[in-house]
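# Coordinate inspection notes
One-letter residues, chain by chain:
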Amino acid sequence: MGIYLNPNSANFEETLKRPIFVDKTMILKTLNRFIDEQNKYICVSRPRRFGKTIATDIISSYYSKGCNSREIFSRLKFGQDEDFESKLNKFNFIKIDLNSEYRNSDDRSNVLKNLKLKLKREISEAFPEIKFEDYESFTDRMLKVFTQTGEQFFILIDEYDVFVREQVNGVVSDELFTEYLDFLNGLFKSNTLKPAIALAYLTGILPIVRDRVQSKLNNFEEYTMLSALELTEFVGFNSDEVENLCKQYKIDFEECKRWYDGYRLSRNVIDCNNDVSEVSYEIYNPQSVVKLIETREFANYWSKTSTYKVITDRLHANFDGTQDDVVRMLGGESVDVNVTRYLNTMTDFTSKHDVFTYLIHLGYLVYDKKEKTCRIPNGEIRQEWENAVEDCDEYKTTNQIIKHSKELLKATLEGEEEAVAEALDLSHIHATSNRSYNSEDGLQCAIYLSYIYALNKYTIVKEMTAGKGFADVTFIPYVEGFPAIIIELKRNGDERTAVNQIKEKKYFASLEHYTGDLLFVGINYDEETKKHVCKMEKFVKE
């Protein structure tokens, strides 16, 4: 048992002592299948606090020969599985937290050299019966162990991308980065060493860089926030898990969804008849859910572990079309994104598509694989975007609209028709390009942006099926004391006609389970003058 070779299960045992634990041990069944099918090299990237570290502790506790973890897993899901015994504590396990190695090193220029020396020493100490030569590297020693004993190695490197991230700041020298590439090459591109490796499991925030690093790791299968494939259900907490936690701790699940849900990942499942079906998962940030349970307070916990400056830095680049799309996303819209362009670096940004893809990987946006669009996932992350926009001079008008949205909601509830029309004059122009100004989508986006504060009180639904048609925008309150709001839009028409349409087509019929009062809002906008007129009418449900 060593620090790097065959670590014990102390970290995982500490995790199991926590009052809140969501069992993700079935990931081991998938990894066992990877080993059996010779899918030896995998790289898992996901945002901070999405369960990477706990997953690595589960994995090392199960596979490491330095553990006797049968009893630990006997109480967990995988401990009941028929495949449980097959690889339990069977591998020489090398576990490296590269970020910790780098941060804690007194001599960072020699961090890799010292790491390799420590690995050499631990392998020699673990196999005293094998004669090792001084000149043999730690990979030479791994191969010698495999050749003489038949025992394979499981290699896990956490935060594998730390050198990629630090090189951006000029902290990692070109020499150290080249040494790191050689380190990867020696481990994972050697056909001679390949039989000695049962599985290599890398984790990081970013996918594999598509340049010099990729040439060293192009044999790795990637599992990302764009497509997590077979590992989808092990990313973060899923909806069922969070709902069970909310029931256990008596927390409003719907409110939890508004704050922390919004991430969607899916994978294809092939049955015995080779028929394909899609399984989708709603994903939550585990850190935020756990903090909610501990504090019983719905709040932005993301900012405790990451900073909105990540968004701000990218917005300052202001690539063509970025600002228009950011405003649309702040207004609740999804925007097109080409995720195939991004090189997975932190420097080579050449378009808004690179920026948005980068922010998807970091969790600030969520990707819709079918529609090839992205959007802001939830209330917690929306606050991060609002903070970022506030720091950008290029978004002064956007920030002004956001700050005034609380007053606009108040004016709406008090029936101040002129104030609502004037606010839409500003946001409609700002939220849309000249090409989309006269479209219904443009005005809907303007309404979303203008009423962004209302998301603290309402669920806002676009084109909700209602009565004899579709209500353009419906505000359904989830806070007591607020009326539901139905908005009908007209172009070059009449705002009074819009209100009458709401009543005549009974758009309120879809709110039959809602017992509070209603507010009907008709809005007409003139294409030539670019002015809006608003008409409101209160409706008391009997």
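That block above? That's the structure.
Sequence positions are assigned chain by chain, starting from 1 and proceeding in written order. The predicted nature of this model means local features are confined to residues of pLDDT at least 70 and side-chain atom pairs, given and counted, to a pLDDT of 80 or more, with totals for whole chains, interfaces and linings taken over all residues. The side-chain values count all of the structure's non-hydrogen atoms but skip hydrogen atoms and water molecules.

### Observations regarding the overall build of the protein
We apply this condition: Helix and strand assignments come from DSSP, with helices taken as H or I runs of at least 4 residues and strands as E runs of at least 2, each series counted from the N terminus. The cut-offs for exposure are 20% and 50% of the maximum accessible area for each residue type, with area from a 1.4 Å probe on protein chains only; residues under the lower value are buried, those over the upper are exposed, and the others partly exposed. When checking whether two residues touch, look at their non-hydrogen atoms; a contact exists if any pair is within 4.5 Å. Surface accessibility follows the Shrake-Rupley procedure with a 1.4 Å probe radius. Residue values consider only the protein chains on display as shielding.
On a plain count of helices and strands, the protein comes out with 21 helices and 16 strands. A principal-axis box enclosing the C-alpha atoms of the protein has dimensions of 90 × 50 × 45 Å. When each of the 542 residues of the protein is scored for burial, the buried share is 53%. Nonlocal contacts in the protein, meaning residues at least 24 apart in sequence, comprise 69% of its contacts between residues at least 6 apart. Surface summary for the protein: the accessible area is close to 24600 Å², and the carbon and sulfur share equals 44%.

### What about the sheet that holds strand S8 (residues 276-284)?
Applied cut-off: Should DSSP find at least two bridges between two strands, the strands are taken to pair. Lines fitted to C-alpha atoms define the axes here, with helix axes fitted over just the stretch in contact, and angles between the N-to-C directions of these axes take values from 0 to 180 degrees.
The three strands lie next to each other as S6-S8-S7, forming an open sheet whose pairing is antiparallel. What marks the edges here is a single partner per strand, and that holds for strand S6 (237-238) and strand S7 (263-270). Pairing between S6 and S8: two bridges, direction antiparallel. Across the sheet, residue Asn238 finds its bridge partner in S8, namely Ile283. Against the sheet, helix H12 (residues 253-260) touches S7 and S8, its axis set at about 90° to S8.

### Notes on the side chain of Thr345
Quick reminder of the rule: Contacts described as polar in this section are N or O atom pairs within 3.5 Å, which, within protein, must combine one atom able to donate a hydrogen with one able to accept it, while residues neighboring in sequence count only if both atoms come from side chains.
Among the secondary structure elements, Thr345 is positioned in the loop between strand S9 (335-336) and helix H16 (352-361). A distance of 2.9 Å separates the side chain of Thr345 from the backbone nitrogen of Asp348, its partner in a polar contact.

### Some points on the pattern of salt bridges
Threshold: A pair is scored as a salt bridge if a Lys or Arg side-chain nitrogen falls within 4 Å of a carboxyl oxygen belonging to Asp or Glu.
Under the counting rule described, the total for this entry stands at 31 salt bridges. With a shortest N-O distance of 3.0 Å, Asp494 and Arg496 are connected by a salt bridge. Asp494 sits in the partly exposed class, given a relative accessible area of 21%. On the basis of relative accessible area, Arg496 is assigned to the exposed category, the value being 51%. Note that Lys503 and Glu537 form a salt bridge whose closest N and O atoms lie 2.9 Å from each other. Taken together, the positions of Lys503 in helix H21 (residues 495-504) and Glu537 in strand S16 (residues 532-539) put the pair 34 residues apart, joining distant regions of the chain. Taking the relative accessible area as the measure of exposure, Glu537 reaches 29% and is therefore partly exposed. In this structure, a network of salt bridges that share partners links the residues Arg48, Glu159, Asp161 and Arg165.

### Regarding the sheet that holds strand S1 (residues 41-45)
With respect to topology, five strands assemble into an open sheet ordered S2-S3-S4-S1-S5, the strand pairing being parallel. Of all the strands in the sheet, the pair left with one neighbour each is strand S2 (92-97) and strand S5 (221-223). Each adjacent strand pair in this sheet contributes to an overall mean axis angle of 15°, direction not counted. Of the strand pairs in this sheet, strand S3 (residues 153-158) and strand S4 (residues 197-204) are connected by five bridges, and their pairing is parallel. Residue Leu156 lies in a different strand from S4, and its bridge partner there is Tyr201. Contacts from helix H2 (residues 27-36) reach S1, S3, S4 and S5, with the element oriented near 130° to S4.

### Re the packing of helix H17 (residues 379-390) against helix H18 (residues 396-413)
We apply this condition: Just so you know how the angles are binned, under 35 degrees is roughly parallel, over 145 roughly antiparallel, 65 to 115 roughly perpendicular, and the rest oblique. By definition, turning the near helix anticlockwise from the far helix through less than a right angle yields a left-handed crossing, and turning it clockwise yields a right-handed one. Throughout, the ten residues Ala, Val, Leu, Ile, Met, Phe, Trp, Tyr, Cys and Pro are labelled nonpolar, Asp, Glu, Lys and Arg are labelled charged, and all others, Gly among them, are labelled polar.
Put simply, H17 and H18 touch, their axes get as near as 9 Å, and they point 130° apart. By the criterion of interaxial angle, the relationship of H17 to H18 is oblique. The handedness of the crossing between H17 and H18 is left-handed. Residues Glu386, Val389 and Glu390 of H17 form the contact with H18, whose own contacting residues are Thr398, Asn399, Ile402 and Lys403. Of the residues belonging to the contact of H17 with H18, the class tally is two nonpolar, two polar and three charged.

### Some thoughts on the packing of aromatic side chains
As a reminder of what qualifies: Only the six-membered ring of Trp is used, alongside the rings of Phe and Tyr, when aromatic pairs are assigned; centres must lie within 6.5 Å, and planes under 30 degrees apart are stacked while those over 60 apart are edge-to-face, with the rest tilted.
The full count for this structure, using the stated rule, is 31 aromatic pairs. A centroid spacing of 5.7 Å and a plane angle of 75° characterise the contact between Tyr458 and Phe475, whose relative ring orientation is edge-to-face. Of this pair, Tyr458 sits in strand S12 (residues 458-466) while Phe475 sits in strand S13 (residues 469-477), and the two are 17 residues apart along the sequence. In this structure Tyr458 comes out as buried when scored by relative accessible area, which is 1%. Residue classification places Phe475 among the buried residues on the basis of a relative accessible area of 1%.

### As for helix H13 (residues 286-295)
Along H13, the residues classified as buried are Pro286, Ser288, Val289, Val290, Leu292 and Ile293. Of the surrounding secondary structure, the elements contacted by the buried residues of H13 are S6, helix H11 (239-249), H12, S8 and H17. Capping the start of H13 is the job of one residue whose side-chain oxygen sits 3.0 Å from the backbone nitrogen of Gln287: Asn285. Just beyond H13, the residue with positive phi is Arg296, at close to 60°.

### Focus: the nonpolar core
Defined as follows: As used here, the term nonpolar core means buried Ala, Val, Leu, Ile, Met, Phe, Trp, Tyr and Cys residues forming a set that is joined through side-chain atoms within 4.5 Å.
The biggest cluster of nonpolar side chains holds 45 residues, and the ones touching the most others in it are Leu330, Phe356, Leu365 and Trp385. Of all elements in the fold, only S7, S8, helix H14 (309-315), helix H15 (322-330), H16, strand S10 (366-368), H17 and H18 reach the threshold of two or more residues within this core. Here this core gets five residues from one element, more than from any other, and that element is H16. For Trp385, the residues in contact, after removing those within four places along its chain, are Ile311, Leu315, Val326, Leu330, Leu359, Tyr364, Leu365 and Ile376. With 44 residues, the next largest nonpolar core counts Phe127, Val162, Phe163 and Val172 among its residues.

### Topic: unusual backbone geometry
Both trends apply: most residues other than glycine have a negative phi, and most peptide bonds are in trans. One non-glycine residue, Glu159, lies in the positive phi region at around 55°. Its location among the elements puts Glu159 in the loop between S3 and helix H8 (162-168). Residues other than glycine seldom take positive phi values, yet Lys506 does so here, at roughly 50°. Tracing the backbone through its elements, the reader meets Lys506 in the loop between H21 and strand S15 (518-525). Of the residues examined, Lys506 reaches a relative accessible area of 46% and is grouped as partly exposed.

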